[in-house]
Amino acid sequence: MALLGRTANGLFWMFRYIERAENTARLLDAGQRISLTNLSAEPDEWQSVLVSAGVEAAYTAKYDDFDPERVIDFMLCDKDNPSSVRASLETARTNGRMVRTALTREVWEAVNESWLVIQRRLSGKISPRELPAVIDLVKRQGALIRGAFQTTMLRNEIFDFCNLGAFIERADNTARILDVKYWLLLPEHSQVGSALDDFQWRSILRSVSAHRSYAWEYDGEYRAVNIIDFLMLNRRMPRSLAYCYTFIEESLKYLDRNYEVRQPCFETAASLNERLSGSSVRQIIDGGLHEFLESFIRDNNRLAQEIGQNYRFYPGA
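Turning our eyes to something else, we now look at the environment of R262. On the secondary structure map, R262 appears in the loop between α12 (241–259) and α13 (264–277). Remark: the alpha-carbon pair of R262 and L252, spanning 10 residues in sequence, is separated by 8.9 Å. Leave out the neighbours within four places in its chain, and R262 touches D256 and E267. A distance of 2.9 Å separates polar atoms of two side chains, one belonging to R262 and the other to D256.

Below you can see the structure in the form of C-alpha cells.
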C-alpha cells in the first residue's frame, strides 16, 4: 500500500534533519580544526563554515564580523538559523511526531531523547573550548538514532524514504566539508602537498570520522589526492559521495518495485551515480574540485526536489 504524501514527506524530512544536525556539528568541527593551522589574523575558516552550510547570508544579516563565538552560537542554537543543530533536531522531532505510527517505539524514543539531551546542552552559549565536547555529544545522539533505526525498522517503503532523506543530506554535507578545504587553501596554492596542507586534509578526515578507516585503506599515507578519492569515490566509506549514491539508487529502485512504476527521479539518481563511477580523482582535480562539488551539490538538491514531486510531496530547504 502506497504511503500518503504527507507521511512520505515527514519521514524524508525527519531523517534529513537528523542528518543535518550532525552534519552541522561536523562542519563546525572542520572549521575549528582548520583554524588551528591558520597563520593569518583573519578568521576565514569560520566564514568558510557559514558559506559551506549555505547560511552566510542569514548570518551577515545579523552580524558584521565572523567572530568564532558568534559563528558557533549561530550554527549550534540560534533560532534565526533553521539549519542550526538545535533547530534541526526540533524539526526532526516535529516530523517524527507527525509520522509516529510509521516508526518503531525504539526509533521514536531515540529521537525524542536526543532532542531533550541536545536542548538541555544548548540552553546556554557554547565557547570554542567547549565545542569539541558538544560535537561529540551530537554525534553520539545521531548514532543512537541510527542504531535504533537500522535494528528495528522493517525494510519497506518507510525505510526507503527515511534512507533517501538521510543519504541525500549526507552526500550534500560531505561535498560541503570538502568545499571548506577548497575555500581555505586551494585558491592560494597552485599545488597541494605541503606539511600544512597535509595536516588540514587530515583534519577533514577526522571531521567525518574517517581518520582510522582511511589509514586502513591507504596504509597510513596521507596524500591529498587519496583523501579526495576516499571521501568522494570510495564505495566502502560510509560518508563518501559514491557510498551515499549507492544507497540512494537502491532505495529508489525498491520504491519503483513497490509502486510498480519507474519514476524520473530514479534516472536522475542513476545518472549522478554513473558520473561518480565514471570519474577518477585525477579527472576531478584536473577539471576543478570546486566546480565538481558545486555541480554535485546543485544536482543533489535537484534530485531531492524531484523525489518530492514524483512521490507527491514537496520538500523545501
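Let us now look at unusual backbone geometry. The phi dihedral of S209 falls on the positive side, at around 55 degrees, and the residue is not glycine. Within the fold, S209 resides in the loop between α9 (195–207) and α10 (211–218). The residue E260 is not glycine, and still its phi comes out positive at about 60 degrees. Examined against the element boundaries, E260 turns out to sit in the loop between α12 and α13. Judged by relative accessible area, which is 73%, E260 ranks as exposed.

Among the nonpolar cores identified, the biggest contains 105 residues, and L76, L231, M232, L252 and I307 are the most heavily contacted of them. In terms of residue count, the dominant contributor to this core is helix α1 (residues 5–35) (14 residues). The residues touching L76, leaving out its near neighbours within four places in the chain, are L28, S84, V85, R86, L122, I126, L131 and V134.

Calculation criteria
Residues numbered from 1 in each chain as written. Predicted model: local features only at pLDDT ≥ 70, side-chain atom pairs only at ≥ 80, totals over all residues. Heavy atoms only, no water. Helix = DSSP H or I, 4+ residues; strand = E, 2+ residues; numbered from the N terminus. Contact = heavy atoms within 4.5 Å. Polar contact = N/O pair within 3.5 Å; in protein donor to acceptor, adjacent residues only side chain to side chain. Buried < 20%, exposed > 50% of the residue type's maximum accessible area, 1.4 Å probe, protein only. Core = buried A, V, L, I, M, F, W, Y, C linked by side-chain atoms within 4.5 Å.

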